[in-house]
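Breakdown of the fold
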Amino acid sequence: MAAITAEPHVSKRRAQLQKAILPYLYLFPAFLIMSVITFYPLIYQVVLSTTNFETRHLLKGLRSEDLEFVGLDNYKAIIDGSLPVQNFNFFRVLTYNFWWAITNVMVHVPAGVLIAILLNTQGLWFKRIYRAVYILPVVIPPLVVATVWRNIFNENYGALNQLITTITQFFGAEGVVRIRWLTEYKPPIPWLLPNSPLTLAYYAMMIANFWLGWPFMTLVATGALQSIPKELFEAASIDGASPTQQFWNVIVPLLRPAMVPAAIYGFMMSFNLFNFVYFMTNGGPARSTELLVTFAYDLVRNLRLYGVAAAFAVIVFFVALIVFLITNRITRATESYT
Amino acid sequence: MTAQAQPEKRPNIIVRFFNMNTSGELGGRKLPLWRQLLLQLMTLIIAFEVMFPIMYVVTLSFSSKTTRPSTLQLIPNEFSLEAYKQVLDRPTANPVTFVQLLRNSAFLSVGVGLVALLVAVSAAYAFSRFKFKARQILMILVFIPLLMPVIGTATPLFLMMNSFRVTECAGDDIAISPFTTCDGQGKVVFNLRDSLPGVGIAMISGALPFAVWNLKGYLDTIPKELEEAAMIDGADPNQIFTKIVLPLAVPQLAVTFFLGFIGHWQEFALPWLFLSQPEDYTLSMTMYNMVGQYANAIPWNRFAAMAMIVALPVAVIYIALQKYIVGGLVAGGVKG
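Residues numbered from 1 in each chain as written. Chains lettered and ligands numbered in written order. Predicted model: local features only at pLDDT ≥ 70, side-chain atom pairs only at ≥ 80, totals over all residues. Heavy atoms only, no water.

**Regarding the domain arrangement of chain A**
Note: interface size is frequently given as the accessible area lost on complex formation between the parts. One can read the domain layout of chain A as domain 1 (2–40) and domain 2 (90–335). For domain 1 of chain A versus domain 2 of chain A, the separation of C-alpha centres amounts to 48 Å. (Domains from an automatic or database assignment.)

**Quick word on the nonpolar core**
Judged by nonpolar contacts, the single largest core of 219 residues is most densely connected at Y134, F276 and F312 of chain A together with F274 of chain B. Among the elements that make up this core, the one with the highest residue count is helix α8 (residues 200–226) of chain A (16 residues). No fewer than three residues from each of domain 1 (2–40) and domain 2 (90–335) of chain A sit in this core. Setting aside its immediate chain neighbours within four residues, F312 of chain A contacts I78, F88, F90, L292, F295, A296 and L299 of chain A. (Core = buried A, V, L, I, M, F, W, Y, C linked by side-chain atoms within 4.5 Å. Buried < 20%, exposed > 50% of the residue type's maximum accessible area, 1.4 Å probe, protein only. Helix = DSSP H or I, 4+ residues; strand = E, 2+ residues; numbered from the N terminus. Contact = heavy atoms within 4.5 Å.)

**Overview of the environment of W214 of chain A**
Tracing the sequence through the fold places W214 of chain A in helix α8. For the pair W214 of chain A and D298 of chain A, spaced 84 residues apart in the sequence, the C-alpha separation amounts to 29 Å. Look past the residues within four positions of W214 of chain A in its chain and what remains in contact with it is H108, A111, G112, I115 and Y134 of chain A together with I46, E49 and V50 of chain B.

**Thoughts on the sheet that holds strand β2 (residues 174–177) of chain B**
Residues and elements named next belong to chain B. Ordered by their spatial adjacency, 3 strands build an open sheet running β2-β1-β3, and the pairing between neighbours is antiparallel. If you trace the sheet from one side to the other, it starts and ends with β2 and β3 (186–191), each paired once. Across this sheet, the average inter-strand angle for adjacent strands is 25 degrees, counted without regard to direction. Bridging between strand β1 (residues 165–169) and β3 involves 5 bridges; their strand directions are antiparallel. Bridge pairing in β3 places R165 opposite N191. (Pairing = 2+ DSSP bridges. Axes fitted to C-alpha atoms, helices over the stretch in contact; angles between N-to-C directions.)

**Here we look at the interface of chain A and chain B**
Taken together, the contacts link 100 residues of chain A with 104 residues of chain B. The contact between chain A and chain B buries some 9,500 Å² in all, and 73% of this surface belongs to carbon and sulfur atoms. Of all residues in chain A, the largest losses of buried area upon contact with chain B belong to Y26, I37 and Q122 of chain A, amounting jointly to 9% of the total for that side. The tally of links from chain A across to chain B stands at 0 salt bridges. Summed over the shared surface of chain A and chain B, the result is 21 residue pairs in polar contact (both at pLDDT 80 or more). Here the side of chain A that touches chain B takes 20 residues from helix α1 (residues 2–48) of chain A, the largest share from any one element. (Buried area = accessible area lost by both parts, 1.4 Å probe. Salt bridge = Lys/Arg side-chain N within 4 Å of Asp/Glu carboxyl O. Polar contact = N/O pair within 3.5 Å; in protein donor to acceptor, adjacent residues only side chain to side chain.)

**Looking at the packing of helix α6 (residues 142–152) of chain A against helix α12 (residues 283–291) of chain B**
Interaxial distance between α6 of chain A and α12 of chain B falls to 11 Å at its minimum, and their mutual angle equals 10 degrees. Judged by the angle between their axes, α6 of chain A and α12 of chain B are roughly parallel. Where α6 of chain A abuts α12 of chain B, its residues L143, V144, T147 and R150 of chain A lie against S284, M287 and V291 of chain B. (Parallel < 35°, antiparallel > 145°, perpendicular 65-115°, else oblique.)

**Some thoughts on the packing of aromatic side chains**
Considering all chains together, one arrives at 51 aromatic pairs over all chains under this definition. Taking 6.3 Å as the distance between ring centres and 70 degrees as the angle between the ring planes, the aromatic pair formed by F31 of chain A and F127 of chain B counts as edge-to-face. Placement of F31 of chain A in helix α1 and of F127 of chain B in helix α5 (residues 98–129) is noted, with the two residues assigned to different chains. Under the relative-accessibility criterion, F31 of chain A is labelled buried at 15%. The exposure class assigned to F127 of chain B is buried, which follows from its relative accessible area of 1%. Ring geometry for F268 of chain B against W272 of chain B: centres 5.3 Å apart, planes inclined by 25 degrees, an arrangement best described as stacked. Of the two residues, F268 of chain B and W272 of chain B, both sit in the buried class. Following the ring pairs from residue to residue traces out a cluster consisting of F274, Y278, F279 and Y297 of chain A together with F268, W272, Y281 and Y288 of chain B. (Phe/Tyr/Trp six-rings, centres within 6.5 Å; stacked < 30°, edge-to-face > 60°.)

The following block contains the structure:
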């Protein structure tokens, strides 16, 4: 009798136990791998950032006899600019990085939306062809785009100088235009960002990244525009709204939920635009177009200051965390709009 | 009625100009010709802006001369496949064939994508469907690495991989560091850091959390009714996973794979940091080498041909999957 009543109780408990363990079984493979190659490196990075790890420690790693614990010295050196690295100032790079990302998004989003509206015009001829052409920059790998643009901006044979030469000669000017797009250090507008001189290379990269950036925004905006129901405009015009009012009160608010995430995506992409910057200017001239990520890469690949590189990456992590918290706030705030 | 009301209200010039009606359908009215022509001019200028670099590189790639033309050329005046042939034949000064480079790129992009996907899908399912104690904290753990740019963990990964070496010692011994070391000097025969699998592992480190997060987001959108019905029919969670959720998730699995493929195909930072043997180079590394240090001596038509070849697979995949990719990118971008 006792055995009979105990049996279902035991199997029920076993089933419950199984149910409790099951999620962890599903998670196990991913977490096993991540703990070795994702989480452990993150911890290793923090340990590394408190040492003077350099090339000579590569053979024995953390067990090297002459590896020293330097505490927060690496962090201090990065912040106060006492690194043995030319032309490096942490706050200048940080300012430039934010400026770079913000100015890019500020240009890409309005241009993308306006072009989407233009393409959406009723009765426009060749709409499909334009749509197909305008998508091309999204489709080509940024790495290829950057190398091609770097070629275009070449001072001697670049296509842009050639284009300008063609135009100036058409208007009767003599000589060949030789603008040093990517190598000139003197900033054309010195007061624009006093903390961090914006060289001609910055403008060149803005042009190239504009080419790369707006079509994506147009893509998103077109999708959002086409999902606005026609009835909304009819209702608005019955209520007596002028087309201007319709633009601001129908189109803009209805585009916003789609454009804010796209803008934030664009911001994050520009903020960490490694391949593009590395292929186009390599951070130069004189580190004036260096982003946090490209400098982090330079620290480990060329300067080989592994301890400092680890400390720098930890700082980059916290910058990324702050950026995420802010952007997350913005998306949350706009989510309730719909 | 509305036609009479129109003249009194002067609509915004921009709105009038674009004939703003976003329904996408053609109403009865036609665009006046002058406006049509003006709009055509604008769209043509934009199309020129888009096509300018593309035509420039296409023209270069079809040129038989290795130097850049001294005046601007945007339309090919010859269709020579010389540069393509040379690139496919012998892409660099090193004795490496194009097929080898292609294989390396394909190994990294396909391998990393597949491994990340296979490992991630069960974890994504657990996060999406099970309620368990540590769920919140484990999800935050997966999310944290997403905040870090790939280059952010390059240093520790570099040093970790670099410590796995096989050394041929003075005798006939073989030492496998970090477990055993040679007594004296030895010759390093294998360094995990300097090998394609090593780079692959480092790339998976970033790809895996992204795949988990991305797939979880998609699994959340699959309606639960089907699973509830299956549960009533007596299916256990494992059966639900393999028989219902996995088949439904196949499109998203494919999209996640291709998204990963596009990213890994262009991966440059980690291979460029890790690899030193020319036979391990990828296509993007080769392309960087072509315009890098010896930029003045480079054969421009070959560089252009190379750029076209590197761009082609990504462009094809992108166009084929355009609809899915835009949504996926934005969703992924917001989350991380």
